[in-house]
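Chains, contacts and geometry: an overview
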Amino acid sequence: MQRWLMDIWEQGGPWITSIGVSLMVFQGASPAWGKGIDPAIDSALPLKSITSVSELSDVEPTDWAYQALQSLIERYGCVTGLPGGRFEGRRSLTRYEFAAALNRCFEALVQGPSLEISQEDLATLERLQQDFQAELSTVSGRVETLSSRIADLEAQEFSPTLVMGGESIFALSAGFGGDREQSEATNPVLTHLTRLGFVSSFTGRDRLRFEFQASNFANRGFATPSGFNTDMALLSFQGNTNNRVQLSRLEYRFALSDRFVVTARPVGFSLSSVLTANSPYFDAGRGAISRFAEASPAFKLGRLDAGGGFDWLVSNNVRLQAAYGVRNANRPEEGRGVFNSDHSAFGVQLFLRPAPSLLTGISYVNAYSSNGRLDTFTGSFLADTNSFINEPARIQGVNATLQWRPAGRLTFSTWGTWLFSNAVNSDRSATTTSYLFGISYSEPFERQGDLLALLVGQPLRVVSGTGLPFGEDEDTSLHFELFYRLRVSDRISITPGVFVVTNPEHNADNPALVVGTIRTTFRF
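Below or above, wherever it landed, is the structure these notes cover. (Residues numbered from 1 in each chain as written. Predicted model: local features only at pLDDT ≥ 70, side-chain atom pairs only at ≥ 80, totals over all residues. Heavy atoms only, no water.)

Focus on the overall build of the protein
- Helices and strands together make up the secondary structure of the protein, namely 7 helices and 16 strands.
- In the protein, which comprises 524 residues, the share counted as buried stands at 49%.
- Taking the intrachain contacts of the protein between residues at least 6 apart in sequence as the baseline, contacts between residues at least 24 apart amount to 66%.
- When the accessible surface of the protein is summed, it comes to about 23800 Å², and 58% of that surface belongs to carbon and sulfur atoms. (Helix = DSSP H or I, 4+ residues; strand = E, 2+ residues; numbered from the N terminus. Buried < 20%, exposed > 50% of the residue type's maximum accessible area, 1.4 Å probe, protein only. Contact = heavy atoms within 4.5 Å. Areas by Shrake-Rupley, 256 points an atom, 1.4 Å probe, with all protein chains shown as cover.)

Here is the structure:
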């Protein structure tokens, strides 16, 4: 069953109108609506109901109890799966679990009087009901107690529609290799990124979301000039507010219909706020450990801070998304504001689900930069500055993404970006490219929620140009990343990981750099 793809699709869809989805407040750098979710997250999502035995991922037609399960599900409708779509038929069953399952069968019989039940079946059920009367009473009592506690909690909330959530990332990180005469600031550091968010709804078809953040990874970390001196060494979860709490995100979404959602975000905007990044690693707390590998640089273009857009579900397998953002949208001076900013970007994406196990996106971006820079911080200095075009430039680009699950626990993903920059007042131009391939395997040791991932790609690089003051990137850097996310509990995960960059700054004279980390993520 490919429920993980359905989750990706539906979490980005405008038809989500219940405030209940807002419980997913923190999903790293990308929003809960419109982000890729890796297969392992699927294991934390319970099945609502089962209508066919084929929905149980660990039950095969060759299993000896297959026919019995098929009969219970399709004839009586009184079997449900465990989280992740599993049945776990070899696990021991407690009397309470059996009582709960038996109770579901009784409820199914009461709600479906048209079922043809033999006298022998009825006699068996009556005997089971008598044998498990104590356990059934206990289960019923627990349900009543939970209902009472939920009612008390709802009565004590200061707002019936306000949901609070948070995430704290502790990381022990260090750098190795590089030019040792220059790489002095690569010693081990212990840092944190802490976020606290609130989500509320006024109509049930809208969502107001705001988030506060504090962090302490100083001086751009290992990317500083006294360290590796390259953005290729940036980590996905690093930031620095000097431990001061700042408003990092403010957003309002509302549905014009079940298939059309509008987003406005005056704080913390990027193109990925609306355009689905379609990356299973776009999560600062549980995804890739490097900034480069988490998602395509096309979605980070321009270092924007405010904007909005729409997400339209054209059909069940087609979505159309559009986003527009600017830098310094809150300032009315010349070269600032919403429509006259010296840095702006527009993006449109066609997001498709051509098969149940496949998601793909094709996007186009059109941006303006007064100094000709891309400002994605995912590649070489020449690439991010367009080899110092250093004058107003128009930037156009295309981006393609793909996620495919060829097997139950195996996920393949990739993206590729081409950006074309042309100076407005001269013939200077630059073409930059970037790509990444990723493969991950969820629950490799039968541990629910674990994920092993290997990522390989090329950071943003200047491949050609005209009239560039510093020319093209001479060589090619390759990024290799490996991490293992260990699920400790529903709220705690530990991720040891390492990435290696060959020929940093796309320069073969630079020795390879290595960054390792042990990231611990707490969610509350």
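Structure's up, so let's keep going.
A word on the packing of aromatic side chains
- Inspection of every chain in the model, using the stated rule, returns 15 aromatic pairs.
- Judged by centre distance (5.9 Å) and plane angle (90°), the ring pair of Phe-217 and Phe-222 falls under edge-to-face. The pair Phe-217 / Phe-222 is uniform in exposure class, with both members buried.
- Look at Tyr-324 and Phe-339: their rings are 6.4 Å apart centre to centre, the planes differ by 15°, and that puts the pair in the stacked class. Of the two residues, Tyr-324 is situated in strand 7 (residues 318–326) and Phe-339 in the loop between strand 7 and strand 8 (343–355); the sequence distance between them amounts to 15 residues.
- For Phe-339, a relative accessible area of 75% puts it in the exposed group.
- Pairwise contacts between aromatic rings join Phe-198, Phe-210 and Phe-212 into one cluster. (Phe/Tyr/Trp six-rings, centres within 6.5 Å; stacked < 30°, edge-to-face > 60°.)

As for the pattern of salt bridges
- Throughout the structure, instances matching the rule amount to 17 salt bridges.
- Here Glu-251 and Arg-207 are joined by a salt bridge, their closest N and O atoms 2.8 Å apart. Within this pair, whereas Glu-251 is found in strand 4 (residues 246–257), its partner Arg-207 is found in strand 3 (residues 206–215), the two being separated by 44 residues in sequence. Taken as a pair, Glu-251 and Arg-207 share a single burial class, namely buried.
- The closest approach of N and O atoms between Glu-251 and Arg-253, which form a salt bridge, is 2.9 Å. Each member of the pair, Glu-251 as well as Arg-253, is classed as buried.
- When salt bridges that share partners are traced, they join Glu-167, Arg-195, Asp-283, Arg-286 and Arg-523 into one network. (Salt bridge = Lys/Arg side-chain N within 4 Å of Asp/Glu carboxyl O.)

Considering the side chain of Thr-520
- Looking at the secondary structure, you find Thr-520 in strand 16 (residues 513–523).
- Classification of Thr-520 as buried rests on a relative accessible area of 15%.
- The contact partners of Thr-520, leaving out residues within four places of it in the chain, are Ser-168, Ile-169, Phe-170, Ile-492, Ser-493 and Ile-494.

What to know about the pairing of strand 10 (residues 393–404)
- Of the two faces of strand 10, the one lined by Ala-393, Ile-395, Gly-397, Asn-399, Thr-401 and Gln-403 is fully buried and the one lined by Arg-394, Gln-396, Val-398, Ala-400, Leu-402 and Trp-404 carries no buried residue.
- Adjacent in sequence and paired antiparallel, strand 10 and strand 11 (residues 410–423) are bridged by 5 residues. (Pairing = 2+ DSSP bridges.)

Thoughts on a nonpolar patch on the surface
- Taken together, the side chains of Ile-439, Tyr-441, Leu-452, Leu-454, Leu-482 and Val-498 define a hydrophobic patch exposed on the protein surface, amounting to about 450 Å² of accessible area.
- Secondary-structure elements contributing two or more residues to the nonpolar patch are strand 12 (429–442) and strand 13 (451–466).
- Here Leu-452 is to be found in strand 13.
- Under the relative-accessibility criterion, Leu-452 is labelled partly exposed at 34%. (Patch = residues over 30% accessible without salt bridge, like charges linked within 9 Å, V, L, I, M, F, W, Y side chains within 5 Å.)

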